[in-house]
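Read off the chains here:
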Amino acid sequence: MNFGDGGRLGSRGRMAFFPSSRLPNVGTTIFTVMSRLAAEHGAINLSQGFPDFSPSPLLLERVAHHMAAGANQYPPMAGVAPLREAIAEKVARLYLANYDPESEITVTAGATQAIYTAIASCVRPGDEVIVFAPVYDSYVPGIELNGGHAVYAHLRFPDFKPDWEEVRALITPRTRMIIINSPHNPSGTLWSADDMAMLETLVRDSKIVVVSDEVYEHVVFDQETGRRHESVTRYPGLRERSFVISSFGKTYHVTGWKVAYCLAPRALSTEFRKAHQFIVFTVHHPSQLALADFMRAKPEFADNLADFYRNKRDFFRKQLEASKFELLPCAGTYFQLATYAAISDEPDTSFVQRLTREFGVAAIPVSVFNPDGEDKRVIRFCFAKTESTLAAAGERLRKI
Ligand code: PMP
Ligand code: GLN
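For every chain, the first residue of the written sequence is number 1, and numbering continues from 1 onward in sequence order. The naming scheme follows written order: chains are lettered A onward, ligands numbered 1 onward. Local features in this predicted model are restricted to residues of pLDDT 70 or higher, and side-chain atom pairs are both shown and tallied only at a pLDDT of 80 or more, whereas totals for entire chains, interfaces and linings draw on every residue. Each side-chain value is derived from all of the structure's non-hydrogen atoms; neither hydrogens nor water enter the calculation.

Asker: What should I look at first to understand the layout of surface pockets in this one?
Answerer: Cavities and pockets are defined on a 1 Å grid built over the protein atoms alone: a cavity is a set of grid points where a 1.4 Å probe fits but cannot escape, while a pocket is an open set with protein on both sides within 12 Å along at least five of seven lines, and lining residues are those with an atom within 4 Å of any such point. Grid points are joined across faces, edges and corners, and a volume is the space filled by probe spheres set on the points. Estimates place the volume of the largest pocket at around 920 Å³. Lining the largest pocket are 43 residues, and of these T29, F31, Y136, D137 and S138 sit closest to its centre. Under the scheme used here, helices are H or I runs from DSSP no shorter than 4 residues and strands are E runs no shorter than 2 residues, and both carry numbers assigned from the N terminus. Of all elements in the fold, only α2 (30-40), α5 (110-122), α6 (139-145) and α10 (248-251) reach the threshold of two or more residues within the lining of the largest pocket. Polarity classes work like this: nonpolar for Ala, Val, Leu, Ile, Met, Phe, Trp, Tyr, Cys and Pro, charged for Asp, Glu, Lys and Arg, and polar for all others, with Gly in that last group. Here the lining of the largest pocket is built from residues that sort into 23 nonpolar, 14 polar and six charged. Taken together, 20 residues make up the lining of the second largest pocket; nearest its centre are D159, K161, T189, L190 and A331.

Asker: Any chance you could explain the nonpolar core here in plain terms?
Answerer: Throughout this description, the term nonpolar core refers to a set of buried Ala, Val, Leu, Ile, Met, Phe, Trp, Tyr and Cys residues connected via side-chain atoms within 4.5 Å. Type-normalised accessible area, obtained with a 1.4 Å probe on protein chains alone, sets the label of each residue: buried when under 20%, exposed when over 50%, and partly exposed for intermediate values. Formed by 67 residues in total, the largest nonpolar core has its most connected members in V131, F243, F325 and F381. Considering every element that reaches this core, the biggest residue donor is α5, with six residues. The contact criterion used is simple: two residues touch if any of their non-hydrogen atoms lie within 4.5 Å. What F243 contacts, discounting residues up to four positions off in sequence, is A118, S121, C122, V209, V210, V211, S212, C262, L263, A264, L268 and F272. Among the nonpolar cores identified, the runner-up in size contains 53 residues, and L83, M196, V203 and V244 belong to it.

Asker: What's the story with empty space enclosed by the protein in this structure? I'm lost.
Answerer: Empty space among the atoms becomes apparent when a probe as large as a water molecule is rolled across them. Inspection of every chain in the model, using the stated rule, returns four cavities of 30 Å³ or more. Here the largest cavity defines a volume of roughly 90 Å³. Along the wall of the largest cavity there are 14 residues; nearest its centre are F160, V366, N370, E374 and K376. Residue composition of the lining of the largest cavity, by class: six nonpolar, two polar and six charged. Space inside the second largest cavity adds up to approximately 60 Å³.

Asker: Hey, could you run me through the side chain of S287 in this one?
Answerer: Checked against the element boundaries, S287 lands in helix α12 (residues 285-297). The contact partners of S287, leaving out residues within four places of it in the chain, are V63, W257 and V259.

Asker: Teacher, can you tell me more about the packing of aromatic side chains here?
Answerer: Aromatic ring pairs: the centre-centre distance and the angle between the two ring planes describe each pair. Working definition: a ring pair exists when centres of Phe, Tyr or Trp rings (six-membered ring for Trp) sit within 6.5 Å. Plane angles under 30 degrees give stacked, over 60 give edge-to-face, the rest tilted. Scanning the entire structure with this criterion turns up 25 aromatic pairs. Centroid distance F308 to Y309: 5.0 Å. Interplanar angle 75 degrees. Geometry classified as edge-to-face. Judged by its relative accessible area of 32%, F308 falls in the partly exposed class. Its relative accessible area of 0% is what places Y309 among the buried residues. Through a chain of ring-to-ring contacts, three or more aromatic side chains come together here, namely F53, Y216, F308, Y309, Y334 and F335. The criterion is that NZ of a Lys, or CZ of an Arg, lies within 6 Å of the ring centre and within 35 degrees of the ring normal, and then a charge sits over that ring. Of note, R380 hangs over the ring of F335, and the distance from its end group to the ring centre comes to 3.5 Å. Directly above the aromatic system of F50 lies the positively charged group of K385, at a separation of 3.9 Å from the ring centroid.

Asker: It is not clear to me how the sheet that holds strand β12 (residues 364-365) should be interpreted in this structure. Could you clarify?
Answerer: As a general point, the strands of a sheet are linked pairwise by backbone hydrogen bonds and lie either parallel or antiparallel. Judged by pairing direction, the sheet is antiparallel, and its four strands sit side by side in the order β9-β10-β13-β12 without closing on themselves. The sheet terminates laterally at β9 (326-327) and β12, the two strands that pair on one side only. Looking at chain direction, strand β10 (residues 335-339) and strand β13 (residues 378-382) are connected through five bridges and run antiparallel. Bridge pairing in β13 links A338 to I379. A pair of strands counts as paired when DSSP detects no fewer than two bridges linking them.

Below you can see the structure in the form of structure tokens.
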């Protein structure tokens, strides 16, 4: 997972009084590396996951309104009440789960901070935390900064399904936490109700805490076939021991606002907030009020997100039909995986660089999410883009 300029930066920045890095194997995140390379080469950036279109004008108007109306000082530590209430209503409506806005919902500076804070509030030196590879890149550094050890279960190519026998074998008396992510970045796969039931059974009577990264909860495709987002909040045996995290960045096209939230039962939320208040204390005030207004005014926005992104998924897949890329299924998220075995046998990390430089399209190499660098010659494209961006990218990708 050491990619980019990590090594070089590490040696250049080393100082005699600074004994050793707390994260010796970490370089610069792949998202920064690829977005920078895309900018340097004027490439179409389908690497880092963010929309290239604007959020709703109403949402922007509400932020401006609340800034002008004076919401410019610290909001309450756990987040503004109207936003926590709107979150509680949404979760009750969608998943029939009740969380008390006062004591069980905390607004965070993005899902990244929520995940880090959940880890920091539970993991002690020597604890083991099970993660599933390919693994989103912030989890393991968060574990290691808190003295924990990441233990890897595998979501194997090409289905990326959890292997519950493997997970069972990885659990030891030192297992403190399991971090899960469905819909899954980067594979675009979903966990089924059976998967959730297996997890529920495995952790029963244990001291294991679950962190459920559900930032793509609203981006689940083909729901007419019976698919749905299996939120941890639907499963009482999991809910009682879980931090459930979602991000407004993904749902409302505002990744740069870095506003997200964490749901957890009171005892876990208390521990979470002890850490939260000293990691960030609180989160941008006018954005929180604007999001609360928007959720109330447009409750259907999140419900319509799956259709919105399904159209983009289908449009992008069509663009690549006549290309040499082979597309994997995409059941959720705004990421499309593709193999390029018919084009080249070079490692995915060099292929994405060449794709950016020579063909003008940036993507993410999936091997960087694997602890052993396993490389199946698969790359990830982000389709949270306008049709004209996706069409222009398609034209370039079909020429390869
Ligand atoms: N988890 C996953 C799976 C993600 O894809 C992302 C980023 N998009 C995050 C967490 C971080 O979200 P945020 O930008 O709200 O910190
Ligand atoms: N989550 C986004 C992705 O997977 C990137 C977020 C970031 O750059 N840290 O592309």
